[in-house]
Amino acid sequence: MLYFEDLQLGQRFFSAEHTLSEAEIIAFARQFDPQPFHTDPEAAKQTFFNGLAASGWHTSSLTMRLVAESELGKAANGLIGMQIDKMRWPQPTRAGDTLQVEVEVLEKRRSGSQPDFGVVKVKWTTRNQDDAIAMQLECAIWLQCRQTAPERSAPVPQA
């Protein structure tokens, strides 16, 4: 298990790889993002993408799975997301792309309101086999501390 204290600024985690198939792209899109450039390889040739492209939400969902199955996925209380910032998809993900995620620890602080937990800001970067960025985001995760925060001493009454 990983706890708040186990993470260090600049630390990086790497996921396993996953190669996306055309069938996966179409199945996800039919259920969650039914647009022709995600569901119909022939129609997709006449779109902005000039061919079948995975939904950005598919790339994001797959990224989540890869992170959950990585070493970081062993977080003591799970990967509880608090906020996502700067989410972007600089280029489309295509059938046959092999994706891998790198997670970098950017910041961390112990919670003031719940001192048995900490907030860790991380950057997720999903790259394809050509090292091109398919998705990137920054997020804050809520992580359990290994050690209970020291008790704060009560103020000394003034006479």
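Note that residues are indexed from 1 along each chain, following the sequence as it is written. A pLDDT threshold of at least 70 governs which residues receive local features in this predicted model, and a stricter bar of 80 or more applies before side-chain atom pairs are shown or counted, although totals over entire chains, interfaces and linings include all residues. In computing side-chain properties, one takes all heavy atoms of the structure into account and sets aside hydrogens as well as water.

Here's the deal with the overall build of the chain
Part 1 of the reasoning: In DSSP terms, a helix is any run of H or I states spanning at least four residues, a strand is any run of E spanning at least two, and both are numbered starting from the N terminus. Within the chain, the secondary structure is distributed over 4 helices and 5 strands.
Part 2 of the reasoning: Along the chain, helices and strands appear, N-terminal first, in the series β-α-α-α-α-β-β-β-β.
Part 3 of the reasoning: Projected onto its principal axes, the C-alpha coordinates of the chain cover approximately 80 × 25 × 20 Å.
Part 4 of the reasoning: Relative accessible area decides the class of each residue, using a 1.4 Å probe on protein chains only: under 20% of the type maximum gives buried, over 50% gives exposed, and in between gives partly exposed. Counting only residues that meet the buried cut, the chain has 40% of its 159 residues in that class.
Part 5 of the reasoning: In this analysis, two residues are considered to be in contact whenever any of their non-hydrogen atoms come within 4.5 Å of each other. By sequence separation, contacts in the chain at least 24 residues apart represent 69% of the contacts at least 6 residues apart.
Part 6 of the reasoning: Computed with a 1.4 Å probe, the accessible areas rest on the Shrake-Rupley method; for each residue, only the protein chains presented here act as cover. Accessible surface computed for the chain: about 9,200 Å², of which carbon and sulfur atoms make up 51%.
Part 7 of the reasoning: The distance from the centre of the 16 positive side-chain charges to the centre of the 20 negative ones in the chain is 5 Å. Positive: Lys, Arg. Negative: Asp, Glu. His and the chain ends are not part of the count. Throughout, a charge is located at the NZ atom of Lys, the CZ atom of Arg, the CG atom of Asp or the CD atom of Glu.

Here we look at unusual backbone geometry
Part 1 of the reasoning: The backbone phi angle of N50 is positive, close to 55°, even though this residue is not glycine.
Part 2 of the reasoning: Relative to the helices and strands, N50 is located in the loop between α3 (41–44) and α4 (56–68).
Part 3 of the reasoning: Phi angles above zero are rare outside glycine, and D131 is one such case at about 70°.
Part 4 of the reasoning: Among the structural elements, D131 can be located in the loop between β4 (117–127) and β5 (133–144).
Part 5 of the reasoning: In this structure D131 comes out as exposed when scored by relative accessible area, which is 54%.

Comments concerning the UniProt feature "domain: MaoC-like" (unreviewed entry) in the chain
Part 1 of the reasoning: Feature annotation in UniProt places "domain: MaoC-like" (unreviewed entry) on residues 14–125, given in this structure's numbering.
Part 2 of the reasoning: Each end of residues 14–125 is marked by a C-alpha atom, and these two atoms are 10 Å apart; helix forms 29% of the span and strand 33%. UniProt positions are given in the numbering used here, feature names are shortened, and annotations may be inferred rather than shown by experiment.

Things to note about α4
Part 1 of the reasoning: In a regular helix each residue adds 1.5 Å, so 13 residues correspond to 18 Å; α4 covers 18 Å between its end C-alpha atoms and thus fits that length.
Part 2 of the reasoning: On its buried face, α4 is in contact with β1 (12–19), α1 (22–32), β2 (80–88), β3 (98–110), β4 and β5. Expected span of a helix: the number of residues minus one, times 1.5 Å.

Examining the packing of aromatic side chains
Part 1 of the reasoning: What counts as a ring pair is set by centres within 6.5 Å for rings of Phe, Tyr and Trp (its six-membered ring), and what kind of pair is set by the plane angle: stacked under 30 degrees, edge-to-face over 60, tilted for all other angles. Using the criterion set out here, one finds 5 aromatic pairs in the structure.
Part 2 of the reasoning: Judged by centre distance (5.0 Å) and plane angle (50°), the rings of F37 and F49 are tilted. In this pair, F37 sits in helix α2 (residues 36–39) while F49 sits in the loop between α3 and α4, placing the two residues 12 residues apart along the sequence.
Part 3 of the reasoning: Look at F37 and you get buried, because its relative accessible area is 18%.
Part 4 of the reasoning: Ring geometry for F117 versus W142: centroids 5.2 Å apart, planes at 10°, classification stacked.

Quick word on the environment of E71
Part 1 of the reasoning: By the secondary structure assignment, E71 is in the loop between α4 and β2.
Part 2 of the reasoning: The class of E71 is partly exposed, set by a relative accessible area of 43%.
Part 3 of the reasoning: As a C-alpha pair, E71 and R88 span 17 residues in sequence and 24 Å in three-dimensional space.

With respect to the packing of α1 against α4
Helix packing geometry: the angle between the two helix axes and the distance between the axes.
Part 1 of the reasoning: It is the contact of α1 with α4, at a shortest axis distance of 10 Å, that shows an interaxial angle of 110°. As the angle between them shows, α1 and α4 are arranged roughly perpendicular. Each of E24, I25 and F28 in α1 lies in contact with α4, whose residues at this interface are W57, H58 and S61.
Part 2 of the reasoning: Here the contact of α1 with α4 is built from residues that sort into 3 nonpolar, 2 polar and 1 charged. Axes here refer to lines fitted to C-alpha atoms; in helices the fit is confined to the stretch in contact. Angles between the N-to-C directions go from 0 to 180 degrees. Relative orientations are named as follows: roughly parallel for angles under 35 degrees, roughly antiparallel for angles over 145 degrees, roughly perpendicular for angles from 65 to 115 degrees, and oblique for any other angle. Basically, the charged four are Asp, Glu, Lys and Arg, the nonpolar ten are Ala, Val, Leu, Ile, Met, Phe, Trp, Tyr, Cys and Pro, and anything else, Gly included, counts as polar.

Digging into the side chain of S70
Part 1 of the reasoning: Mapped onto the elements of the fold, S70 is located in the loop between α4 and β2.
Part 2 of the reasoning: Residue S70 is classed as buried on the basis of its relative accessible area, which comes to 8%.
Part 3 of the reasoning: Here L72 takes part through its backbone nitrogen, which lies 3.2 Å from a polar atom of the side chain of S70.
Part 4 of the reasoning: In this view, S70 contacts F14 and S15; residues no more than four positions away in its chain are not counted. Here a polar contact is recorded for every N or O atom pair within 3.5 Å, except that within protein the pair must consist of a potential hydrogen donor and a potential acceptor, and residues adjacent in sequence are included only if both atoms are side-chain atoms.

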